[in-house]
Amino acid sequence: MNQETEKYPPNFIRHIIERDVAEGKNGGAVMTRFPPEPNGYLHLGHAKAICLSFGLARDFGGATNLRFDDTNPIKESMEFINAIKRDIAWLGFEWQQEKYASDYFPELYDFAERLIGEGKAYVDSLDAEQIRQYRGTLTEPGQDSPYRDRSVDENLDLFRRMRAGEFKDGEHVLRLKIDMASPNINLRDPTIYRIRHVAHHQTGNQWCIYPLYDYTHCLSDSLEGITHSLCDLSFEDHRPLYDWVLDELAMNLHPQQIEFSKLNLQYTMMSKRKLRQLVEQGIVDGWDDPRLPTIAGMRRRGYPAATIRDFCRRIGVTKSDNNVELALLESCIRDYLDPQAPRRMGVIDPLKVVIENYPEGETEMLEIANHPKDDAMGTRQVAFGREIYIDRADFREQANRKYKRLVTGGEVRLRGGYVIRANEVIRSDEGEILELRCSYDPATLGVNPEGRKIRGVIHWVSARASLAAEIRLYEPLFTVDNPDGVADGAEEAYRDLINPDSLVVKHGFVEASLAQAVEDDRFQFEREGYFCLDVRHSTPDQPVFNRIVGLRDSWAKIEQASS
RNA sequence: UGGGGCGUCGCCAAGUCGGUAAGGCACAAGGUUUUGAUCCUUGCAUUCGGGGGUUCGAGUCCCUCCGCCCCAGCCA
């Protein structure tokens, strides 16, 4: 599946753009932008926005700019800028230009002076608390600031002195003069410049006043030639302001802001702010913790980029609230990996099996296909010997007919190998099963025995010629299907929602060929799931594998239903 | 209770001028299978938040009610 064939299904934004292009609006051009603030890492929700903005532009022969919305230097850093660029590129998208809102600080300043000159902006000297009080409430209109009617000259003078650094943080702000009684609170004289004596990661100490989002974004879009400015629904109420600024300044290009609903994923926290708390408080192991929905986390978890693109395509784009099931994401991963992940064997919860009638000290190499349906993927040699490991879940001392694995006195096939029979269980003094004594049927390699049907096949690994490996199993980080909703408000509320078993570290064994695994390799451990090497934790003598996702498990359902 | 949005199957989501409910995931039942995987087949909304109305005909138009989400940063 390459990018060219990744067609997106129809959605309302696509319809709007189709119509615009058909009508020749903007000369038929389509230019979008992806505008992250560099104050954190990108996550799946951003991936949705990225696929949308980049995908739409691409489909209409346009392009997309990456623009860092860097108007608030105190929260931003180069680390985040670099991480964001790396993540977008990894996702498979190329931006036309790398821009920064800070690139436009000079123009933005000039526009502000113009607005002041036209009596459309004024310097307010109320403090933050007073401004809040004057703003009114959702149901009551606000009141004009006593500074609202300052003369143009006074405003200009004050604004220039703000810019010159004559005032301390918070002493004055620049506000748009719109309507303090507007039912839309965003129009009640929004603040567009504040004083902040801090260095900026791009502009250093050139500025001590910084413009705010509502003023900056629309103008940046217009200056950049953006035709369609896509954002999430929380900005819907800001659109009148977006349009107001562009109209009052009579900008040549008036981009169209279109809002869509942001993504919610069940059992997943999807807000940058809260993700940041998880990282800063050490609840997870960094922004790239495999349990996080960050692009970096998903990459480390082993999700292929194409899988994330496919997911974004499948969830669609609407204005409805949503809470997508994890099963959909998992389905995307399995669909992508199944045809192309080489098969290997790995035993996660090892139980030693001694095959008593197999010669001691002997090892034979079994040739096993790398993929059940794709011969082109070839075969590999897997060591087999007298002692092997199987998974504890694949043996029971007794079980009903439904259980198709190894039972005392019964037979099972070792994948790619022989049929074995369980003869005896060896236990410790405490009663724990230590190992199994089995026998094998030498005549069953590659052929089925006569007169009896072997119902089960289990995976295994040689005890002598395998590799000890750490295997990390992941479950959702949260125990509720809408942690963002539940954990709102109280600072520590989400702590109680953390799933204590979100990471389970197992010590197992994998076939020796996995010693060659490198970053970006992805395997299916037969009957277990898809795994990749965790380069961060692996050491030369002990690889660490992350379970990307398990296989579908209809047996688990059967078992659960009967218990 | 001011303003702005949204409500089509368990979860997503198509649904152009009103013409008689796509698809995916999930689920269920069969079949194939040396992965209880994959694959294949089949099933899965007489109904579109509720109630009225217009119409030969409404998810699509009108009225009304209900529910949910967003907004009171010198954050984005």
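Residues numbered from 1 in each chain as written. Chains lettered and ligands numbered in written order. Predicted model: local features only at pLDDT ≥ 70, side-chain atom pairs only at ≥ 80, totals over all residues. Heavy atoms only, no water.

J.: Outline the domain arrangement of chain A, listing residues and values.
T.: Taken domain by domain, chain A holds domain 1 (117–213), domain 2 (346–458) and domain 3 (467–562). For domain 1 and domain 3, the distance between their C-alpha centroids amounts to 50 Å. (Domains from an automatic or database assignment.)

J.: Outline the side chain of His228, listing residues and values.
T.: When you line up the elements, His228 lands in strand β8 (residues 228–232). Setting aside its immediate chain neighbours within four residues, His228 contacts Ile17, Asp20, Val30, Met31, Thr32, Gln256 and Ile258. (Helix = DSSP H or I, 4+ residues; strand = E, 2+ residues; numbered from the N terminus. Contact = heavy atoms within 4.5 Å.)

J.: Describe the sheet that holds strand β10 (residues 343–344), naming the residues involved and giving the relevant values.
T.: Taken in spatial order, the seven strands of this open sheet run β10-β25-β26-β27-β23-β24-β11, and their pairing is mixed. The open sheet is flanked by β10 and β11 (346–347), the only strands paired with a single partner. Examined bridge by bridge, β10 and strand β25 (residues 522–525) share two bridges and lie parallel to one another. Within β25, the position partnered with Arg344 by the bridge is Phe525. Here helix α12 (residues 326–337) sits on the sheet in contact with β10, β25, β26 (529–533) and β27 (544–550), set at roughly 110° to β27. (Pairing = 2+ DSSP bridges. Axes fitted to C-alpha atoms, helices over the stretch in contact; angles between N-to-C directions.)

J.: Can you tell me about helix α6 (residues 152–164), naming the residues and giving the values?
T.: Taking 1.5 Å of rise per residue, 13 residues should cover 18 Å, and α6 covers 18 Å from first to last C-alpha, within 8% of that figure. Along α6, the residues that are buried comprise Asn155, Leu156, Leu158, Phe159 and Met162. Across the axial projection of α6, the buried residues extend over an arc of 170°, all falling on one side. Exposed side chains of α6 directed beyond 90 degrees from the buried face belong to Asp153 and Ala164. Residues of α6 that are buried sit in contact with α4 (105–117), β4 (121–124), β5 (173–176), β6 (191–195) and β7 (209–211). Just beyond α6, the residue with positive phi is Gly165, at close to 85°. (Expected span 1.5 Å × (residues − 1). Buried < 20%, exposed > 50% of the residue type's maximum accessible area, 1.4 Å probe, protein only. Arc of directions from axis to C-beta.)

J.: So what about the sheet that holds β4? Which residues, and what values?
T.: Taken in spatial order, the four strands of this open sheet run β4-β5-β6-β7, and their pairing is antiparallel. Across the chains shown, the open sheet's two edge strands, defined by having one partner strand only, are β4 and β7. Pairwise comparison of adjacent strand axes, ignoring direction, gives a mean angle of 20° for this sheet. For β4 and β5, the ladder comprises four bridges, and the chain directions are antiparallel. Across the sheet, residue Val123 finds its bridge partner in β5, namely Leu174. Lying over the sheet, α6 contacts β4, β5, β6 and β7, oriented at roughly 65° with respect to β4.

J.: I'd like to hear about the protein's contact with RNA strand B, residue by residue, with values.
T.: Neighbouring RNA strand B are 64 residues; Thr71, Arg196, Arg343, Arg415 and Ser554 lie closest to it. Near the protein, meaning within 4 Å, the atoms of RNA strand B are sugar or phosphate in a fraction of 66%, with bases accounting for the rest. Here a phosphate oxygen of RNA strand B and a side-chain polar atom of Thr71 are 2.5 Å apart. Where the surface near RNA strand B is concerned, the elements lending two or more residues are α5 (128–134), β6, α11 (305–315), α12 and α14 (554–562). Residues that form the surface near RNA strand B fall into these classes: 21 nonpolar, 17 polar and 26 charged. (Near = heavy atom within 4 Å. Polar contact = N/O pair within 3.5 Å; in protein donor to acceptor, adjacent residues only side chain to side chain. Nonpolar A, V, L, I, M, F, W, Y, C, P; charged D, E, K, R; others polar.)

J.: Please give an account of the packing of α11 against α12 that cites residues and values.
T.: Describing two packed helices takes the angle between their axes plus the distance from one axis to the other. The geometry of α11 relative to α12 is characterised by a closest axis approach of 9 Å and an angle of 130° between their N-to-C directions. The orientation of α11 relative to α12 falls into the category oblique. For the element pair α11 and α12, the recorded crossing hand is right-handed. Where α11 abuts α12, its residues Ala306, Thr307, Asp310, Phe311, Arg314 and Ile315 lie against Leu328, Leu329, Ser331, Cys332, Ile333, Asp335 and Tyr336. In terms of residue class, the contact of α11 with α12 is made up of eight nonpolar, two polar and three charged. (Parallel < 35°, antiparallel > 145°, perpendicular 65-115°, else oblique. Left-handed = near helix turned anticlockwise from the far one by under 90°.)

J.: Tell me about empty space enclosed by the protein, and name the residues and values.
T.: Counted by the stated rule, this structure contains two cavities of 30 Å³ or more. Quantified by volume, the largest cavity comes out at close to 100 Å³. What lines the largest cavity is a set of 13 residues, among which Tyr8, Asn11, Leu52, Cys312 and Val317 lie closest to the centre. For the lining of the largest cavity, the elements supplying multiple residues, two or more each, are α2 (44–59) and α11. Ranked by the residues each element gives to the lining of the largest cavity, the list is headed by α2, at five residues. Here the lining of the largest cavity is composed, by residue class, of seven nonpolar, three polar and three charged. Surrounding the second largest cavity, Tyr213, Asp214, His217, Cys218, His238, Tyr242 and Gln257 form its lining. (1 Å grid on protein atoms, 1.4 Å probe; cavity = no way out; pocket = protein on both sides within 12 Å on 5 of 7 lines; lining within 4 Å. Points joined across faces, edges and corners; volume = space filled by probe spheres on them.)

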